[in-house]
Each structure stands twice: as structure tokens, then as C-alpha cells.
Amino acid sequence: MHQPCLTPALTSPPQQQNDDTLTIVAISLLAAIIASILHEGFGHAATALLTGAQSGLLTTVSWSSAQESRLVAAAGTGVNLAAALLFWLALRSATRLSVRWRFLLVLGLAFNLFDGTGYFFFSGVTNFGDWAAVISHLPSHGLWRLFLILAGMAS
């Protein structure tokens, strides 16, 4: 007596159309631009405006003002880390989105994590940038720099 096969027939997955280089580059640039706007615009500039800090110069790579504020300096990193969390949550629930949208979410997560955590290491090593401004004039400055380097390496 012949038993019917209980395993489903193997079928090949639907063929995904290959993305061209221009599409991949465009999605990558968009993710990098979003991370930069979040860091400089929503992190530094919006925090400065909300806290009453004097208006400064906002560019694609920096926010500068005559008035120094530890909160404004730290806010760029904070916004990037919050955005990374949102990108991660969106990616987890994006099972029905196309590959291109998921690629944008992955890169958005990555760029925001790089901006958010890389600044610790960068500022600790170079004593320049956002977190160098946050720890400037604190006692035991050398220990704070070492802490930033270790936090950057760990994250």
C-alpha cells in the first residue's frame, strides 16, 4: 500500500528583481541624510531653540552657536539613539514591506546607531565634537575621556 507524501512540495520562492546600483546608492544616501537631519536639526538646533539658546548656524554637518550648552551638545546623540530605536521597531514589524523599504529601515538604524554611539569614541579620542563639549570643564577630564572611549568601544 502506498502512503501519500505528507511533506509539502518544494516550490521555488518568487524571483526578486535585482536592484540597480543607482537605487541602492539613492536609498543609502537618503538614510544618511535622514540621520544627519535628525542629529543636527532635531537634536542640536531644535533643542537649542526649545531651551532658549541663541540662534546659531545650522548646516548639514554641524550646529554652532556662540552660546555653549551641554544639553544642546548631547541632544544630537540622544535623537540619533531614539531614532535608531524607532527604526529597529519599524524593521521588526515590517514583514510585509518591500525589500527596498526594509533596506532603508536597516540603513536608517545603522546610520543612527553609528552617529549615536560613534560620537562617544570620536570625542573621547580627539577631545573634539559633541561629547567633548559635554565633558569640557568637568573635573577629572581625562577619566571622562577614557569613559567616552570605552563607552564608544562597547557600543
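Figured I'd write up the structure that's included with this text. Values in this document were obtained by computation on a predicted structure and should not be read as measured data.

Secondary structure assignment for the protein chain yields five helices and two strands. In the protein chain, the succession of helices and strands from N to C terminus is α-β-β-α-α-α-α. By residue count, 28% of the 155 residues in the protein chain fall in the buried class. Partitioning the contacts of the protein chain with sequence separation of at least 6, the portion at a separation of at least 24 is 57%. Accessible surface for the protein chain amounts to roughly 10,500 Å². Of this, 69% is attributable to carbon and sulfur atoms.

The terminal C-alpha atoms of helix H1 (residues 21-50) lie 41 Å apart, and with 30 residues this matches the ideal 44 Å at 1.5 Å per residue to within 8%. At Leu38, H1 shows its largest kink, close to 25 degrees. Elements that come into contact with the buried residues of H1 comprise strand E1 (57-58), strand E2 (63-64), helix H2 (70-92), helix H3 (99-126) and helix H4 (130-135).

At their nearest, the axes of H3 and helix H5 (residues 141-154) sit 7 Å apart, and the two run at 145 degrees to each other. Here H3 runs over H5; the crossing is left-handed. Contacts between H3 and H5 involve Thr117, Phe120, Phe121, Ser123, Gly124, Val125 and Thr126 from the former and Arg145, Leu148, Ile149, Ala151, Gly152 and Met153 from the latter.

Turning next to the layout of surface pockets. If you add up the space inside the largest pocket, you get close to 500 Å³. What lines the largest pocket is a set of 23 residues, and nearest its centre among them are Trp63, Ser64, Ala73, Asp130 and Ala133. Of all the elements in the fold, those that place two or more residues in the lining of the largest pocket are H1, E2, H2 and H4.

With that out of the way, let us pick up the packing of aromatic side chains. The tally for this structure, following the rule as stated, stands at four aromatic pairs. Residues Phe122 and Phe128 carry aromatic rings whose centres are separated by 6.3 Å and whose planes lie at 85 degrees to one another, so their mutual orientation is edge-to-face. On the basis of relative accessible area, Phe122 is assigned to the partly exposed category, the value being 38%.

On to the packing of H1 against H3, then. Following both chains from N to C, one finds H1 and H3 inclined at 40 degrees, their axes separated by 9 Å at the closest point. Of the possible angle classes, the one that applies to H1 and H3 is oblique. As H1 runs across H3, the sense of the crossing is right-handed. Across from Thr23, Ile24, Ile27, Ser28, Leu30, Ala31, Ala32, Ala35, Ser36, Leu38 and His39 in H1, the residues of H3 making contact are Arg100, Phe103, Leu104, Leu107, Gly108, Phe111, Asn112, Asp115 and Tyr119. A class-by-class count of the residues in the contact of H1 with H3 yields 12 nonpolar, six polar and two charged.

This paragraph deals with the side chain of Glu40. Examined against the element boundaries, Glu40 turns out to sit in helix H1. Among buried charged residues, Glu40 stands out as having no salt bridge; its nearest opposite-charge side chain is Arg70, 18 Å away. Once you skip the residues sitting within four places of it in the chain, Glu40 turns out to touch Ala45, Leu58, Thr59, Thr60, Val61, Ser62 and Trp63.

Right, let's get into the environment of Met153. By secondary structure assignment, the location of Met153 is in helix H5. Spatially, the C-alpha atoms of Met153 and Gly118 are 8.3 Å apart, while their sequence positions differ by 35 residues.

Looking now at H2. Look at H2: 34 Å from first C-alpha to last across 23 residues, which is about the 33 Å you get at 1.5 Å a residue. Of the positions making up H2, those classed as buried are Val72, Ala73, Ala74, Ala75, Gly76, Thr77, Asn80, Ala83, Ala84 and Phe87. In this structure, the buried residues of H2 make contact with H1, E2, H3 and H4. One side-chain oxygen of the residue at the start of H2 lies 3.3 Å from the amide nitrogen of Leu71, identifying that residue as Ser69.

Procedures and definitions
Residues numbered from 1 in each chain as written. Predicted model: local features only at pLDDT ≥ 70, side-chain atom pairs only at ≥ 80, totals over all residues. Heavy atoms only, no water. Helix = DSSP H or I, 4+ residues; strand = E, 2+ residues; numbered from the N terminus. Buried < 20%, exposed > 50% of the residue type's maximum accessible area, 1.4 Å probe, protein only. Contact = heavy atoms within 4.5 Å. Areas by Shrake-Rupley, 256 points an atom, 1.4 Å probe, with all protein chains shown as cover. Expected span 1.5 Å × (residues − 1). Bend = angle between axes of the 7 residues up to and from the residue. Axes fitted to C-alpha atoms, helices over the stretch in contact; angles between N-to-C directions. Left-handed = near helix turned anticlockwise from the far one by under 90°. 1 Å grid on protein atoms, 1.4 Å probe; cavity = no way out; pocket = protein on both sides within 12 Å on 5 of 7 lines; lining within 4 Å. Points joined across faces, edges and corners; volume = space filled by probe spheres on them. Phe/Tyr/Trp six-rings, centres within 6.5 Å; stacked < 30°, edge-to-face > 60°. Parallel < 35°, antiparallel > 145°, perpendicular 65-115°, else oblique. Nonpolar A, V, L, I, M, F, W, Y, C, P; charged D, E, K, R; others polar. Lys, Arg positive; Asp, Glu negative; His and termini not counted. Salt bridge = Lys/Arg side-chain N within 4 Å of Asp/Glu carboxyl O. Polar contact = N/O pair within 3.5 Å; in protein donor to acceptor, adjacent residues only side chain to side chain.

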